[in-house]
Amino acid sequence: GVGLALCQRLLEEDGRIHLCIACRNAQKSEATRDLILATHPNAQVSTVEVDLGNLASVLRVARELRCRFQRLDFVYLNAGIMPNPHVNFKALWHGLLTGKVLHMLTTAEGIMTQTDRLNGDGLQEVFATNLFGHFILVRQLESLLCGNEKPSRLIWTSSSNARESAFSLSDYQHAKGKESYSSSKYATDLTSVVLNRKFNKQGLYSSVVCPGLVMSNMTYRILPIFLWKLLMPIMWLIRFFAKTYTLTPYNGAEAHVWLFKQKPEYLDELVKYHSCTSGLGKNYVEPRKIHVDEETAEKFYEKLLELEKQTLERYSDLLD
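Residues numbered from 1 in each chain as written. Predicted model: local features only at pLDDT ≥ 70, side-chain atom pairs only at ≥ 80, totals over all residues. Heavy atoms only, no water.

Peer 1: Explain unusual backbone geometry residue by residue, including any values.
Peer 2: Although it is not a glycine, H174 sits at a positive phi angle of roughly 60°. Structurally, the position occupied by H174 is in the loop between β6 (152-157) and α8 (180-199). Positive phi, close to 70°, is recorded for L247, a residue that is not glycine. A relative accessible area of 2% places L247 in the buried class. (Helix = DSSP H or I, 4+ residues; strand = E, 2+ residues; numbered from the N terminus. Buried < 20%, exposed > 50% of the residue type's maximum accessible area, 1.4 Å probe, protein only.)

Following this line, the structure appears as structure tokens:
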């Protein structure tokens, strides 16, 4: 998916960097490393195993990274799940009749629902994997990210599906709703905004990107494969009207790579950087304002800190 394409594209930009790939599955992690080394045989590529939906795993990998490295220049927070996705065909048909179908197809608003569940830590699985695990990882890596000679960067993979209407401060884990993916991505936007307020003076900057609609393992789970094959010619045509139909992981990583080349102090913390592809296949980045309530963002950050305190009490043996 986007992660592999990002690694390959970063090495095209600068072959001197040291990449550390984090995957849930050690076998896949090594396979990914082999794929990268096949095209960049002189690259420095290491791996770590981590499940962002498991707090013990996150704490272990943070401790390992603190032992391995003295600093981290970039952390791409790209892990994400969308369990049991369902398409609401009735809503899609209604969108077609009301002229809102293009908006629905580019944001999945109203047509994508998921069935979430609790994980082993007693947290909603999507919230834990898509946001909270990343948040804990960042908190545990502060010593490698703050106070360096050069700024360090957090780059979160958000989504055009991140919508305020799917998020509730009183149910921020989205236990009662059916749009957990959208809620988790809006929570990501909120978190990034607050992290900039808290850590910019310490040399840590946070940005959010949207890779657009990318055909990846996550996407292919939404519909049967044969339907995707039938739809692909239509999707290529839609790209002439919907520039966020990046379709390939290489195109989807455009904004991630663009941010790699920017000076963070000149970026707008209230902007999401979207990977876009024109109908003729040209890649570019489009900045769009994030519609977040900054007071809500601050309150949500406080709730994350409270949840961090509650959940980490049981893992004292994994904390320094």
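Peer 1: Break down helix α13 (residues 294-312) for me, with residues and values.
Peer 2: Helix length check: α13, at 19 residues, gives a terminal C-alpha distance of 27 Å against a target of 27 Å (1.5 Å per residue), a fit within 8%. Within the span of α13, buried status applies to A297, F300, Y301, L304, L307, E308, T311 and L312. Here the buried residues of α13 occupy an arc of 125° about the axis, which is enough to place them on one side. Exposed residues on α13 whose side chains face more than 90 degrees from its buried face are E295 and K309. If you follow the buried residues of α13, they end up packed against α3 (55-68), α6 (125-140) and α8. (Expected span 1.5 Å × (residues − 1). Arc of directions from axis to C-beta. Contact = heavy atoms within 4.5 Å.)

Peer 1: Which residues make up the nonpolar core, and what values do they have?
Peer 2: Counting residues in hydrophobic clusters, the biggest one holds 52 residues, and the most contacted among them are F127, F132, L141, L145, L154 and F300. For this core, the secondary-structure elements that each account for two or more residues are α3, β3 (74-77), α6, α7 (142-145), β6, α8, β7 (204-210) and α13. Among the elements that make up this core, the one with the highest residue count is α6 (8 residues). When near neighbours in sequence (up to four residues on either side) are disregarded, F300 contacts F127, L131, F167, L169, Y172, A187, L190 and T191. (Core = buried A, V, L, I, M, F, W, Y, C linked by side-chain atoms within 4.5 Å.)

Peer 1: Give me the sheet that holds β7: which residues, what numbers.
Peer 2: Spatial strand order, β3-β6-β7-β8-β9: 5 strands in an open sheet with mixed pairing. Of all strands in the sheet, those with a lone pairing partner are β3 and β9 (283-289), marking the two edges. On average, each strand axis in the sheet is tilted by 25° relative to the strand beside it, whichever way the strands run. Where β7 and strand β8 (residues 271-277) come together, 3 bridges link them in parallel fashion. Along β8, the bridge assignment pairs V208 with K272. (Pairing = 2+ DSSP bridges. Axes fitted to C-alpha atoms, helices over the stretch in contact; angles between N-to-C directions.)

Peer 1: Any chance you could break down helix α1 (residues 2-13) for me, citing the residues and the numbers?
Peer 2: With 12 residues, α1 ought to run about 16 Å at 1.5 Å a step, and its terminal C-alpha atoms sit 16 Å apart, in line with that. Residues of α1 that are buried include every one of V2, A5, L6, C7, R9, L10 and L11, and no others. Tucked into the core, α1 has its buried residues touching β1 (18-23), α2 (26-39), β3, α11 (249-252) and α12 (254-260).

Peer 1: Describe the packing of α8 against α13, and please don't skip the residues or the numbers.
Peer 2: It is at 9 Å that the axes of α8 and α13 come closest, and there the two elements cross at 85°. Regarding the angle of α8 to α13, the classification is roughly perpendicular. In contact with A187, L190, T191, V194, L195, R197, K198 and F199 of α8, α13 contributes E294, T296, A297, E298, F300, Y301 and L304. Within the contact of α8 with α13, the residues separate by chemical class into 9 nonpolar, 2 polar and 4 charged. (Parallel < 35°, antiparallel > 145°, perpendicular 65-115°, else oblique. Nonpolar A, V, L, I, M, F, W, Y, C, P; charged D, E, K, R; others polar.)

Peer 1: Tell me about the pattern of salt bridges, residues and numbers included.
Peer 2: Pairing of side chains with opposite charge becomes possible as their charged atoms draw close. Tallying each qualifying case throughout the model produces 17 salt bridges. The salt bridge involving E254 is made with R9; its shortest N-O contact spans 2.8 Å. Placement of E254 in helix α12 and of R9 in helix α1 is noted, with a sequence separation of 245 residues between them. As far as the burial class goes, E254 and R9 line up, both buried. Close ionic contact of E298 with K198 constitutes a salt bridge, the shortest N to O distance being 3.5 Å. Of this pair, E298 sits in helix α13 while K198 sits in helix α8, and the two are 100 residues apart along the sequence. Members of the salt-bridge network, linked through shared partners, are R139, E142 and E308. (Salt bridge = Lys/Arg side-chain N within 4 Å of Asp/Glu carboxyl O.)

Peer 1: Give a detailed account of the side chain of S207, specifying residues and quantitative values.
Peer 2: Positionally, S207 belongs in strand β7. Excluding residues within four positions of it along the chain, S207 makes contact with R153, L154, I155, W156, S192, L259 and L267.

Peer 1: Can you lay out the state of the cysteines for me, pointing to particular residues and giving the numbers?
Peer 2: Disulfide: a covalent bond connecting the sulfur atoms of a pair of cysteines. Within the structure shown, the criterion is met by 0 disulfides. There is no disulfide at C210, and the cysteine sulfur nearest it, in C276, is 8.1 Å away. Among the residues examined, C210 registers a relative accessible area of 2% and is labelled buried. (Disulfide = S-S within 2.5 Å.)

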